[in-house]
Amino acid sequence: MVWNTMILSQYVIVHRVVDRPLPASTRTEIVRHYTATVTTEGGWGQHPDSGPSLYCTTLAYVALRLLGLEAQDPLCARARSWLRAQPGGVAAIPTWGKLWLAIIGLYDHRAVNPLPPEIFLLPRWTPVHPDRLYCHTRTIYQAMAYLYGARVRHDLGRLGEALSRELYGERSPSPADRTLLGADALFPPSRALRAAFTALAVYERAPLPGLRRRALSRCLRRVRHEQEVTGQAGISPVSTLLNVVVLHAAGAARQEIDRALDGVESWRWRDPERGIRYAGARSHSWDTAFAVEALLAGNSTAPQDTRLLTAVRAACSFLTAAQLTEDIPDATVTARAPAQGGWCFSEGAHRWPVSDCTAEAAAALLHAARVDPRAPVPDRARLAQATRFLLHRQNGDGGFGTYEPRRGPRLLERLNPAEMFTNCVVEDSYIECTGSALVALAELPPEASASDAQDTARARRRALRFLLRSQSPDGSWPAAWGVNRIYGTLFAVRGLHAAGLPARHPSMRRAAEWLESVQQEDGGWSEHHRGCLEQRYIQGGPSQPVQTAWAVLALLQIRSPDSASLESGVRWLCAHQAADGTWRQETAAGVFFGTAMLDYRLYAAYFPLWALGRWLATTHAASGRPC
């Protein structure tokens, strides 16, 4: 899954801070990645389809200089020229960037919006306790709060002096720059949050020494717990890199810091064309579950193709082994939810399971078992654990969260301090997770006791009602993890179909009519990522295979396979398949926190295949012929 250069830049900075020089070959391959991803303006963007970002470009510039490039190197010179042309310049970088620059002595801590570690000392029943926040957010902020509270500052020496001149000219950042924000700040602090920052800035002039020590100790304990229970990988490389700096600042032994750095390497991605970078996440289980569905989409019995059968069985073995069968030790330290029975987005090593990954993995395994009785699948007890895991993630409104059920009121979103991202403060109920959960709950065998079976049935009814009332007036559904309305509509329709809603139901009919209304003249579909920000459908450019496959898969639950819209969509997919069997997706199809567009590299491999296989199977079923 491709994101941006932010993590790579932080990786370079962290190695300098903890005094772990990178080998020359690694430095060369990192520079190759910056060279391959620089925009025409000379900067680096938040995602593959964006222009330059002040945040990403500033960190990239610092990283390139730390890697040994001279200020006059064309890669640095163009980036510096772009940075200086931005309103407010580098001083207007979002708060996350301000803190990273402060850590290496290039920004005044007083000009960073306060991140007091004392907030982690609040009673857990407090509405604003960090444990009520979305898990990615609280994991990032427990490290940031330590680094801010301890005023961690690494001296880059003469290079730091040169960087300060190159980034700011004659004017160094001052405390007044705390509220200075540039174009990256798509979601500037609310009035309430600005007032809180002002009050906290007063406290930060003379924090209570004893309280500060306790707070730093609490944050350090949480950081260490996260590293230990995730096998040093962390929930993501974003938080893990911060954790490495925390451990270094706290005086951890060299072995502990080296273990944490080794954990970062699990996120490494390298190829000859684009060098070394670090993925925002690993998607092993997610991709494997959908690949199984795609490979089996046209098969009602065990495939005769030996290669296909071998691939499916191997995938099922992987998924079965990837299920978490134990809970997290000392889970209360970082307020971890029960993990037993779930599947992670990745292969499971970091032990942060997710509802929709669990649902899709379980559904794929059960589908494989129906088609091929010899496919390895979890036993009944482990499937029961998966059911309980899913039920735990259901919110009061009937929708499903991702890693956890929602813990705090949605009003907390008004206190979003990230500035670059949205919908990142509290867990929510997501259309996609709810749709996937309904698919799995329709397949998972009921547990032994009647009360559990009743819980599952009640959960399905509540999820069904959530999806029905979440449908937009135009017939579409919004998405949080994909671009955007086509993606949300696919998962909603899948969930409604699994819950037993007939194709003739008004909600299903409106969904089909909406999909057909946005079908392009060539028969395909496309959607622009800007709709994720504007909360609406925005027509994209040329039709894309992934969005076309999503639309076809949704329509197959509602329309006849010989309908004009489906036949046009299938013809488009067939016409745009390359000779080697692949499709080329030209735009990002995933999204994270509203603005972080993600390029899921395997979406174009399995979603079109899945759509065509389902269309063939449905066509044969309609004709009465075996598939």
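One can find the structure itself at the top, above this paragraph.
Now for a quick tour of the structure.

Rules used in this analysis
Residues numbered from 1 in each chain as written. Predicted model: local features only at pLDDT ≥ 70, side-chain atom pairs only at ≥ 80, totals over all residues. Heavy atoms only, no water. Buried < 20%, exposed > 50% of the residue type's maximum accessible area, 1.4 Å probe, protein only. Helix = DSSP H or I, 4+ residues; strand = E, 2+ residues; numbered from the N terminus. Pairing = 2+ DSSP bridges. Salt bridge = Lys/Arg side-chain N within 4 Å of Asp/Glu carboxyl O. Core = buried A, V, L, I, M, F, W, Y, C linked by side-chain atoms within 4.5 Å. Contact = heavy atoms within 4.5 Å. Lys, Arg positive; Asp, Glu negative; His and termini not counted. Phe/Tyr/Trp six-rings, centres within 6.5 Å; stacked < 30°, edge-to-face > 60°.

With that settled, consider the pairing of strand 1 (residues 268-271). Only one face of strand 1 is covered, namely the one carrying Trp269 and Asp271; the face carrying Arg268 and Arg270 has none of its residues buried. Note: strand 1 against strand 2 (residues 275-278), 4 bridges, orientation antiparallel. Residue pairing in the sheet places Arg268 in a bridge with Tyr278 of strand 2. Hairpin geometry of strand 1 and strand 2 is characterised by an intervening segment of 3 residues between the two adjacent antiparallel strands.

Summed over all chains, the structure comprises 29 salt bridges. For Arg458, the salt bridge goes to Asp455, with nearest N and O atoms at 2.5 Å. Residue Arg458 and its partner Asp455 are located together in helix 17 (residues 450-470), separated by 3 residues, close to a single helical turn. For Arg601, the salt bridge identified is with Asp599, shortest N-O distance 2.9 Å. The buried category is assigned to Asp599, whose relative accessible area is 18%. Among the charged side chains, a network of salt bridges with common partners joins Glu118, Arg151, Glu204 and Arg212.

This next bit is on the nonpolar core. Of all hydrophobic cores here, the largest spans 189 residues; its most connected members are Tyr34, Trp286, Tyr603 and Phe607. If one sorts the elements of this core by residue count, helix 3 (residues 54-66) sits on top with 10 residues. Beyond its immediate sequence surroundings of up to four residues, Trp286 is in contact with Phe345, Asp356, Cys357, Glu360, Tyr487, Phe491, Tyr600, Tyr603 and Tyr606. Counting 6 residues, the second largest nonpolar core, distinct from the first, contains Val229, Leu324, Ala331 and Ala339.

This next bit is on the side chain of Arg382. Note on placement: Arg382 falls in helix 15 (residues 380-392). Here Arg382 occupies a buried position and makes no salt bridge, while the nearest side chain of opposite charge, Asp379, is found at 5.2 Å. Apart from residues lying up to four places away in sequence, Arg382 is in contact with Thr320, Gln323 and Thr325.

Here the focus is the packing of aromatic side chains. What the rule picks out here adds up to 29 aromatic pairs. Note on Tyr134 and Tyr403: the rings are 6.1 Å apart at their centroids and 70° apart in plane angle, and the pair reads as edge-to-face. Placement of Tyr134 in the loop between helix 5 (95-103) and helix 6 (135-149) and of Tyr403 in the loop between helix 15 and helix 16 (431-443) is noted, with a sequence separation of 269 residues between them. Look at Tyr134 and you get buried, because its relative accessible area is 1%.

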